[in-house]
Every structure is written in C-alpha cells, then in structure tokens.
Amino acid sequence: MTRSIRTMVRKDEFVTVTRATGVVAAVAAVGLATAACGSDDATASDATQSTGAAASATSATGSAGGSGEYKSGTYSATGHYVSPGGPQQIGVTVTLDNATITKVDLDRSHTRGTSAEFQAKFASGINSEVVGKNIDDLDVHKVSGSSLTSGGFNDAIAQIKSQARA
C-alpha cells in the first residue's frame, strides 16, 4: 500500500513523494540498520565459543634448529578483535624458518555474516603482505579493504612470537 504526499519545496513548487506505509517501511528500516551494523554476525556467545585445539592458541610442531631468535616450525594462535557485529576471532597458522614466515593459513570457520566477508577479503591479500618477511617486521593494517581483521591477525602473531621464541 502506498500513499502520495504532495510537499511544497519552494513557493509555487511542489514535489510529489510516494511513501510506503506500514509493515513495508518498518521492514525496510530494519533491513538497512541490520546491513549497516553487520548484526548478522555471530553473537557474542558464538564468537567466544571455542572448539578443541584451534582456540587453545598453541600448536608448535617445529624443531629447535634455527639460527635466529625464533625456532623454525609451525605455530598457531587465535586472534581476537571487535567488529560492529560484536567480538570476532580468526585463527592464524604460520610456518617459520628462523624468523622468516614461509607460509600462512587462516581459520575463518568461527565467523559469519559481514565479518566473514571481510575476513575473506583479508585472506585473499595476506600472503603477499607477510610471506617472506621477518615476523618482527610485520606491520599489518588494512589488507584488501579489511581493516578490523588485521587487529585479530596481529593479536595472533603476538601469541605466535611468544610461542616461537628460542
């Protein structure tokens, strides 16, 4: 159901506006608010739930044979950050050769909605930002249009650095 409203803009100038009424307008307003806030993300309880070893933030399978201040090996941690949709997390696994990152994998399985889309963008560009670089030289901010995910990534890298210290 629609209703036309005639509104005077200036003297002798009218604009006719068609307005949706009732439920249609309310649904549209709620939909816009939901999209803007990203409220289709995981709830706070979902985002902080952990399963198994992925959330334990420890998984060192490396050898002590490194000449740097970090042991070579594979390390995992779960980084946490806050988005407009609430608390989020991202799993990060890196393989180190001494202090150089040779591989990075992300676990994005605990995130849904808008944050999942931004984590996917982040994942598409993170390799070029970190692979081949010294773990101490990382300064990850906005990657492929995703700026909040980097907070979780940097949190996980800090944990990994603690795990890998020689």
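If you're wondering where the values come from, they're calculated on a predicted model, not measured in any experiment.

Caption draft 1: How the structure looks around the nonpolar core. Counting 23 residues, the largest nonpolar core has V92, I135 and F153 as the members making the most contacts within it. When sequence neighbours within four positions are dropped, the list of residues in contact with V92 reads Y75, S76, A77, V104, D105, L106, F153, A156, I157 and I160.

Caption draft 2: Here's a closer look at the packing of helix α3 (residues 113-130) against helix α4 (residues 149-164). Close contact between α3 and α4 brings their axes to 10 Å; oriented N to C, the two are set at 50 degrees. Classed by the angle they form, the pair α3 and α4 counts as oblique. In this structure, the crossing between α3 and α4 has a hand that is right-handed. Along its contact with α3, which presents F118, Q119, F122, I126 and V130, the element α4 presents T149, S150 and F153. Of the residues that constitute the contact of α3 with α4, the class distribution is five nonpolar, three polar and no charged.

Caption draft 3: Representation of α4 within the structure. Here α4 is 16 residues long and its end C-alpha atoms lie 23 Å apart, about the 22 Å a rise of 1.5 Å per residue gives. Among the residues making up α4, those that are buried are T149, S150, G152, F153, A156, I157, I160, K161, Q163 and A164. At its buried positions, α4 is contacted by β3 (73-83), β4 (86-97), β5 (100-107) and α3.

Caption draft 4: Quick look at the packing of aromatic side chains. Within the structure shown, the criterion is met by one aromatic pair. Plain terms: the ring middles of F122 and F153 are 5.6 Å apart, the flat faces sit at 55 degrees to each other, and that makes the pair tilted. Here F153 lies in helix α4 and F122 lies in helix α3, a separation of 31 residues in the sequence. By relative accessible area, F153 is classed as buried at 0%.

Caption draft 5: A look at the pairing of β4. Bridging between β3 and β4 involves 11 bridges; their strand directions are antiparallel. For G73, the partnering residue across the bridge sits in β4 and is L96. Taking the residues between adjacent antiparallel strands as the criterion, β3 and β4 are bridged by two residues.

Caption draft 6: Representation of the environment of A166 in the model. Along the chain, the position of A166 falls in the segment after α4. Considering only alpha carbons, one finds A166 and K71, 95 residues apart in sequence, at a separation of 5.3 Å.

Quick notes on the rules
- Residues numbered from 1 in each chain as written.
- Predicted model: local features only at pLDDT ≥ 70, side-chain atom pairs only at ≥ 80, totals over all residues.
- Heavy atoms only, no water.
- Core = buried A, V, L, I, M, F, W, Y, C linked by side-chain atoms within 4.5 Å.
- Buried < 20%, exposed > 50% of the residue type's maximum accessible area, 1.4 Å probe, protein only.
- Contact = heavy atoms within 4.5 Å.
- Axes fitted to C-alpha atoms, helices over the stretch in contact; angles between N-to-C directions.
- Helix = DSSP H or I, 4+ residues; strand = E, 2+ residues; numbered from the N terminus.
- Parallel < 35°, antiparallel > 145°, perpendicular 65-115°, else oblique.
- Left-handed = near helix turned anticlockwise from the far one by under 90°.
- Nonpolar A, V, L, I, M, F, W, Y, C, P; charged D, E, K, R; others polar.
- Expected span 1.5 Å × (residues − 1).
- Phe/Tyr/Trp six-rings, centres within 6.5 Å; stacked < 30°, edge-to-face > 60°.
- Pairing = 2+ DSSP bridges.

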